[in-house]
Every structure is written in C-alpha cells, then in structure tokens.
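The lines below spell out each chain.
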Amino acid sequence: GGGAVHAIYGTLLITLGATIISVPIGLMTSIYLVEYGEGRRLARGITFLVDVMTGIPSIVAGLFIYSVFALIVGPGTRMGIMGSLALSVLMIPVVVRGSEELLRIVPNELREASYALGVPKWLTILKVVLPTSIAGITTSVMLAISRVIGETAPLLLTAGFTQSLNTNIFNGQMMTLPVFAYNQYMNQGTNPDASVARAWAAALTLILIVMVLNLLARLIAKLFAPKVTGR
C-alpha cells in the first residue's frame, strides 16, 4: 500500500525553488565575469570561489543550510525551502561555469555591431548576447537541475521526510523521490517486496521527470533561439 504522489510534488517544488534561486544568481554572475569583470580582482575571486563550490560534497551544502536555520530559527527545523537552498548551493557553480563558457563564444563582432548602432552595453547583452547563447544556457541549466534532482543526503538533513502531502515549501517537512526511494529500501517493514518495488518505481519516476524536463528545455531553446533568415 501507499504511493509516491507526495514525493513527486516535493521533488518538483523543491527543485523549482532551487532553480528560481540559482538561475538568476548564476546567470548574472557569468554575465559579470564575461562582460564587466575581465582582469579585475573581484572577478578572479569569484572564479576561485565558484571553482571551490564546484567540488563541495552535497552533504556539506545540506549541513551548511541546516546550521544556518538552526541558528536563526532553532534546532531541528526542516522545511522545503531549506532543501531548495541546499540544492541551489550545488546548482549555482554549474550554472555559472556553463553560462560563462557559452557567453565567451558569442562573437565579439555582434557586440561591436550593436555598439556601433548606439545601443548601450546592458541592452546589447539583453538583446544580442543572451538570445545568441540561449540554447546553450538552457542546456547548462538543465545539467544543473539534473545534477541536483537526485540528491538524497542534503534533503534528508533539510527537507526531512513525511508520509503526507505538503505543497507549502515554507512550512513543514516535505518528501522527495530520492529520499522516498532511500526510505523504502532501508525501512522495508513487513512486506519487503512491495517496499523495494516502490523504491524502484520512485527511481523510474525520477528518470522520467528528468527526461521530460530535458525535452521542455530543448523546446524552449528552439523557440527562443535567434532565427537565421536569408537576405
């Protein structure tokens, strides 16, 4: 008995929260590094910190967020938003690195043509640079999402686990598919076969969600990519 709809909702909401936090921060950081910070000490420091964050074990991100909320709210606090913040710590360096490389390969001739028409730099970035690299940026965001959507350790510490459906990431514990699969396998109870089957079903559902998200990313990239027309 029992299903995983609460884990599916939890996975989607927590990952969505992490994406909303990570993508703007990561994209703006990469824009600064490529367009404004060339040769500056601050840019070198940011690059060093991003490299360090890339190698952080996932459980360290979970412990960091748990410790912050334990100091601010109180020990034992677990919420969906804590899981989103922990995953965003892991997502941000992936988004920064991927977006930075894609922004660097945009030809400078496009920027110079825009400047020659009197377009300010911020508008050139918004209307020329980003649309040119939107397909690759979308792919890097999807890689970041795929990197974190299967994480178990940081979510065990931050989002916790529950047997009931909770759609409010700012209140109460939330179940996610990786934690659900882990819980079903480790606590098999009186019917081990059913528990193991639910764990495998959760893993399959997670793979299907990643596949659907990748298809959506390809569709978005195709829709927003600049159109090549003849003269």
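Everything discussed here concerns the structure shown above.
Per chain, the residues get numbers from 1 upward, laid out in the order the sequence is written. Only residues with pLDDT of at least 70 get local features here, since the model is predicted, and only at 80 or more are side-chain atom pairs given and counted; chain-wide, interface and lining totals rely on the full set of residues. No hydrogens and no water enter the side-chain calculation; it runs on all heavy atoms of the structure.

### Quick look at the overall build of the protein
Within the protein, the secondary structure is distributed over nine helices and zero strands. Starting at the N terminus and walking to the C terminus, you meet the elements of the protein as α-α-α-α-α-α-α-α-α. For the protein, the spread of C-alpha atoms along the principal axes amounts to about 75 × 45 × 25 Å. Burial classes follow relative accessibility: with a 1.4 Å probe on protein chains only, a residue under 20% of its type's maximum area counts as buried, one over 50% as exposed, and anything between as partly exposed. Across the 231 residues in the protein, those meeting the buried criterion constitute 40%. By definition in these notes, contact holds between two residues if any of their heavy atoms fall within 4.5 Å. Contacts spanning at least 24 positions in sequence make up 75% of the contacts within the protein whose residues lie at least 6 apart. Areas reported here follow the Shrake-Rupley algorithm with a probe of radius 1.4 Å; residue values treat only the protein chains shown as occluding. Roughly 12700 Å² of accessible area belongs to the protein as shown, and the carbon and sulfur atoms make up 69% of that amount. Averaged over its 15 positive side-chain charges, the protein has a centre that lies 5 Å from the centre of its 9 negative ones. Under the DSSP-based scheme used, a helix requires at least four consecutive residues in state H or I and a strand at least two consecutive residues in state E, with every element numbered from the N terminus. Counting rule applied: Lys, Arg positive; Asp, Glu negative; His and chain ends not counted. Every charge is mapped onto a representative atom, which is NZ of Lys, CZ of Arg, CG of Asp or CD of Glu.

### Quick notes on the environment of proline 192
Along the polypeptide, proline 192 turns up in helix 9 (residues 192-224). Sequence-wise, proline 192 and glycine 74 are 118 residues apart; in three dimensions their C-alpha atoms are separated by 36 Å.

### Here's the deal with helix 1 (residues 5-36)
The first and last C-alpha atoms of helix 1 sit 45 Å apart over 32 residues, in line with the 46 Å expected at 1.5 Å per residue. A maximum bend of about 25° is found in helix 1 at serine 22, where proline proline 24 lies one to four positions downstream. For a helix, the expected span equals 1.5 Å multiplied by the number of residues minus one. We define the bend at each residue as the angle formed by axes fitted to the 7 residues ending at it and the 7 residues starting at it.

### So, the packing of helix 1 against helix 8 (residues 177-186)
Only C-alpha atoms enter the line fits that serve as axes; for helices the fit covers just the stretch in contact. Angles between N-to-C directions range over 0 to 180 degrees. Contact geometry of helix 1 with helix 8 gives a least axis separation of 8 Å together with a crossing angle of 140°. For the pair helix 1 and helix 8, the contacting residues are His6, Ala7, Ile8 and Thr11 in the first and Leu177, Pro178 and Phe180 in the second. Here the residues of the contact of helix 1 with helix 8 are counted per class, giving five nonpolar, two polar and no charged. Amino acid classes used here: Ala, Val, Leu, Ile, Met, Phe, Trp, Tyr, Cys and Pro are nonpolar; Asp, Glu, Lys and Arg are charged; the rest, including Gly, are polar.

### Section: the packing of helix 2 (residues 41-54) against helix 4 (residues 80-104)
When two helices pack together, you describe them by how their axes are tilted relative to each other and by the distance separating the axes. The N-to-C vectors of helix 2 and helix 4 enclose an angle of 125°; their axes lie 9 Å apart at closest approach. Relative to helix 4, the element helix 2 is oriented oblique. As helix 2 runs across helix 4, the sense of the crossing is left-handed. Residue-level contacts link Thr47, Val50, Asp51, Met53 and Thr54 of helix 2 to Val89, Pro93, Val96 and Arg97 of helix 4. Considering only residue class, the contact of helix 2 with helix 4 consists of five nonpolar, two polar and two charged. Put simply, angles under 35 degrees are roughly parallel, angles over 145 are roughly antiparallel, angles from 65 to 115 are roughly perpendicular, and the rest are oblique. Handedness of a helix crossing follows the sense of rotation of the near helix relative to the far helix, less than a right angle counterclockwise being left-handed and clockwise being right-handed.

### Describing the packing of aromatic side chains
Centres within 6.5 Å make a pair out of two Phe, Tyr or Trp rings, where for Trp the six-membered ring is used; the pair is then stacked when the planes are under 30 degrees apart, edge-to-face when over 60, and tilted otherwise. Scanning the entire structure with this criterion turns up zero aromatic pairs. We call a charge positioned over a ring when the NZ of a Lys or the CZ of an Arg lies within 6 Å of the ring centre and within 35 degrees of the ring normal. In this structure, lysine 121 packs its charged tip against the face of tyrosine 36, placed 4.7 Å from the ring centre.

### A short note on the side chain of threonine 158
Within the element layout of this structure, threonine 158 appears in helix 7 (residues 153-158). Assessed through its relative accessible area of 0%, threonine 158 is described here as buried. Beyond its immediate chain neighbours, meaning those up to four positions away, threonine 158 contacts Gly62, Ile65, Tyr66, Thr77, Arg78, Met79, Met82, Gly83 and Ala86.

### Quick look at the nonpolar core
Residues Leu103 and Leu130 are the most contacted members of the largest nonpolar core, which totals 44 residues. For this core, the secondary-structure elements that each account for two or more residues are helix 1, helix 3 (58-72), helix 4, helix 6 (121-148), helix 8 and helix 9. Setting aside residues no more than four positions away along its own chain, leucine 103 makes contact with Ser30, Ile31, Val34, Arg111, Val129, Leu130, Ser133 and Ile137. By size, the runner-up hydrophobic cluster in this structure holds five residues, among which are Leu33, Ala43, Val50 and Ile92. What we call a nonpolar core is a set of buried Ala, Val, Leu, Ile, Met, Phe, Trp, Tyr and Cys residues that are connected through their side-chain atoms within 4.5 Å.

### Describing the pattern of salt bridges
In a structure, side chains of opposite charge can pair up when their charged atoms sit close to one another. By salt bridge we mean one thing: a side-chain nitrogen of Lys or Arg within 4 Å of a carboxyl oxygen of Asp or Glu. Per the stated rule, a full pass over the model turns up six salt bridges. The closest approach of N and O atoms between arginine 147 and glutamate 151, which form a salt bridge, is 2.7 Å. Among the residues examined, glutamate 151 registers a relative accessible area of 14% and is labelled buried. Ionic contacts of the salt-bridge type, sharing partners, join the residues Glu38, Asp51, Arg97, Glu100 and Arg104 into one network.

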